[in-house]
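Okay, here's what each chain looks like letter by letter:
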Amino acid sequence: MNLRHCKTMSQEPFKRVLITGGAGFVGSSIALRLKHDFPDCEVVCVDNLHRKGSELNVPRLSAAGVSFVRADVRNREAFDGARYELIIDAAAEPSVMAGVDGIRVDYVVDTNLGGTLNVLEAARRCSAAVMFLSTSRVYAVNALRAMRMRETDRRFELSDIQEQAGVTVLGVDESFDVDGAKTLYGATKYASEVMVREYGAQFGLRVAVNRCGVIAGPWQMGRVDQGIIGLWVAAHIYGKRLKYIGYNGKQVRGILHIDDLCDLLLLQLAHMDEWDGRVRNVGGGREVSVSLLELTELCRTVAGRTIEIGYDDAVRPGDVPLYLSDTRKIRGELGWLPTRPAETIVEDVVKWIMDNKEKFRGVLT
Ligand SMILES: NC(=O)c1ccc[n+]([C@@H]2O[C@H](COP(=O)([O-])OP(=O)(O)OC[C@H]3O[C@@H](n4cnc5c(N)ncnc54)[C@H](O)[C@@H]3O)[C@@H](O)[C@H]2O)c1
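As the structure is a computational prediction, the values presented were derived from the model and not from experiment. (Residues numbered from 1 in each chain as written. Predicted model: local features only at pLDDT ≥ 70, side-chain atom pairs only at ≥ 80, totals over all residues. Heavy atoms only, no water.)

S.K.: Go over the overall build of the protein chain, please, and point to the residues and values.
M.R.: What the protein chain contains, in helices and strands, is 11 helices and 17 strands. In terms of C-alpha radius of gyration, the protein chain reaches 20 Å, essentially the compact-globule figure of 21 Å for 365 residues. Projected onto its principal axes, the C-alpha positions of the protein chain cover 55 × 50 × 50 Å. When burial is assessed residue by residue, the protein chain has 58% of its 365 residues classed as buried. Sequence separation of at least 24 residues holds for 83% of the intrachain contacts in the protein chain that already meet a minimum separation of 6. (Helix = DSSP H or I, 4+ residues; strand = E, 2+ residues; numbered from the N terminus. Rg over C-alpha atoms; globule rule 2.2 N^0.38 Å. Buried < 20%, exposed > 50% of the residue type's maximum accessible area, 1.4 Å probe, protein only. Contact = heavy atoms within 4.5 Å.)

S.K.: With reference to specific residues and values, describe the environment of Q202.
M.R.: By secondary structure assignment, the location of Q202 is in helix α5 (residues 183-203). A C-alpha to C-alpha distance of 36 Å links Q202 and P317, two positions 115 residues apart in sequence.

S.K.: How would you summarise the packing of aromatic side chains if you had to cite specific residues and measurements?
M.R.: What the rule picks out here adds up to 10 aromatic pairs. For the ring pair Y139 and Y323, a centre distance of 6.3 Å and an interplane angle of 20° mean the geometry is stacked. Linking Y139 in the loop between β5 (129-135) and α4 (141-145) with Y323 in strand β17 (residues 322-323), this pair joins segments that are 184 residues apart in sequence. By relative accessible area, which is 4% here, Y323 ends up buried. With centroids separated by 5.5 Å and ring planes inclined at 50°, the aromatic side chains of W219 and W352 adopt a geometry described as tilted. (Phe/Tyr/Trp six-rings, centres within 6.5 Å; stacked < 30°, edge-to-face > 60°.)

S.K.: Give a description of the site of the ligand that names residues and reports values.
M.R.: Close to the ligand lie 32 residues, the nearest being D47, S54, Y107, Y185 and K189. In the model, an oxygen atom of the ligand is placed 3.2 Å from a nitrogen or oxygen of the G24 main chain. Between the ligand and T111, the relevant distance is 3.1 Å, taken from a nitrogen atom to a side-chain nitrogen or oxygen of the residue. Considered on its own, the ligand offers 820 Å² of accessible surface; in the complex 97% of this is hidden by protein. At the level of elements, α1 (25-37), α3 (105-126), β5, α5 and β11 (214-216) are the ones that each hand at least two residues to the shell around the ligand. When residues of the shell around the ligand are assigned to their parent elements, the largest contribution, three residues, is made by β5. The residue makeup of the shell around the ligand, split by class, is 16 nonpolar, 11 polar and five charged. (Near = heavy atom within 4 Å. Polar contact = N/O pair within 3.5 Å; in protein donor to acceptor, adjacent residues only side chain to side chain. Areas by Shrake-Rupley, 256 points an atom, 1.4 Å probe, with all protein chains shown as cover. Nonpolar A, V, L, I, M, F, W, Y, C, P; charged D, E, K, R; others polar.)

S.K.: For the pairing of strand β4 (residues 86-89), give the residues involved together with the corresponding values.
M.R.: The side chains of a regular strand alternate between the sheet's two faces. The two faces of β4 match: L86 and I88 on one face and I87 and D89 on the other face are all buried. Pairing between strand β1 (residues 16-20) and β4: four bridges, direction parallel. Its bridge partner lying in β4, I19 is registered against I88. Where the polypeptide runs from β4 across α3 and back to β5, its parallel neighbour, the crossover connection is right-handed. (Pairing = 2+ DSSP bridges. Right-handed = clockwise from strand over helix to strand, strands pointing away.)

Okay, structure coming up:
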C-alpha cells in the first residue's frame, strides 16, 4: 500500500464546504460522500437546476443533511457572504455540443468561465481552497485526432509509437498539446483552469485542477450530448433507438466510476497543503475503457435487451476517435488508480435505472 494512504482525514481541514453544481451528477455524488464521511462538516450545494434531472437530487441531498441553495453561479451575488474553507467547482454546461450552433453561447461562457471567476472571487474573500473539476476536452482536437492509432474490428487502439509529446500507449498525460481549438466547452474550461491557477499564485489560495475524462455511474442524467454511458444504458432499458455517429462505433473512451472519483477526492483532501495549482489527469486508461461497440455488447449482456442501433458517417466538430487518461502522475503522488471496471460501471447504472424505472422515464428518455 502506498504510504500516502496513511494520512487520514480524522481532523479534516474544513468545516464548511461549498459545491457548485451540487445537484448535478458529480456535485451531488461528492456532496453525499463528504457528508457521509464527515457528518460534522457543513456541506452546501448551489445549483440553478439547469440540467434536466438535477432536481431529482435535491431531496437526496436534503435527506442526507446537505443544504441546498437554488442559485445561479453567473450571478456574483449568489456568493455574497460566502464563508467556506473549501469550494468544489462542479457547475457547468458540460456538453461538447453546447453553443456550436451559435445558440446560447453566452450561457456556456457565462456559466463555465464566468461562474468559475465568481467562485474564485468568493474563494479569495474567504481564503477558501478550490478544487476545479476540469475536462480532458482542454486538449486540442486536432492533436487528439493526430495521435497514432490502429483499428481493430471492435475499437481504436493507441499505437506503441507516438510522434507527439504527451501521449504514449498508456494515454494522454498533462503535457499534451492544449494549443488549438477544443470546443466551446473545452475552451471555457481551459480558460477557467488558467484563472484558477492564477488566483492560486496571486492570492496564495490552495487550488488544484482535476482534468477528468468520461465519468459515469448512477444518478447521471445521460443525454445525447453528454453522459454517454447513462444514455446508452437507458436506451437499452427503455427500448430507444441509438446511433453511432462517426468512426463506425469504434470510438474509445477511458471511463471512470463516480465512486473512484470520490475516492480520489478524499485522498486529495487529505493533502490539501499540496494544492499548489497542480493539474492532474483523472480518468480511465486502457484497462477501464470501452468503444461504443463494446459498450453496446455490455449493455446487451447486463440489461438483457437488444435495440436497434443505426450508423451516421458524420464526424462533428470536436469528435475524436479515442481518449484515454494517463494518470501516472496522480498515481505516483497518491497511489490512486481506478478500481471499478467497465462492467461494474454498466452494472451499477443498470441497477440504478431498474430500481427507479418509472421515476426516471421522463428524464432519461
Ligand atoms: N460527467 C463527466 O463525464 C465529466 C467529465 C469531465 C469533466 N466534468 C466536469 O465535472 C463537472 C460536473 O459535471 P456533471 O457531469 O456533474 O454535469 P451535470 O450537468 O450533471 O452537473 C452540472 C450542474 O451544474 C448546474 N448548472 C449549470 N449551469 C449553472 C449555473 N449557471 N448556475 C448554477 N448551476 C448551474 C446544472 O444544473 C447541473 O446540476 C463539470 O464541471 C464538468 O465540466 C464532467
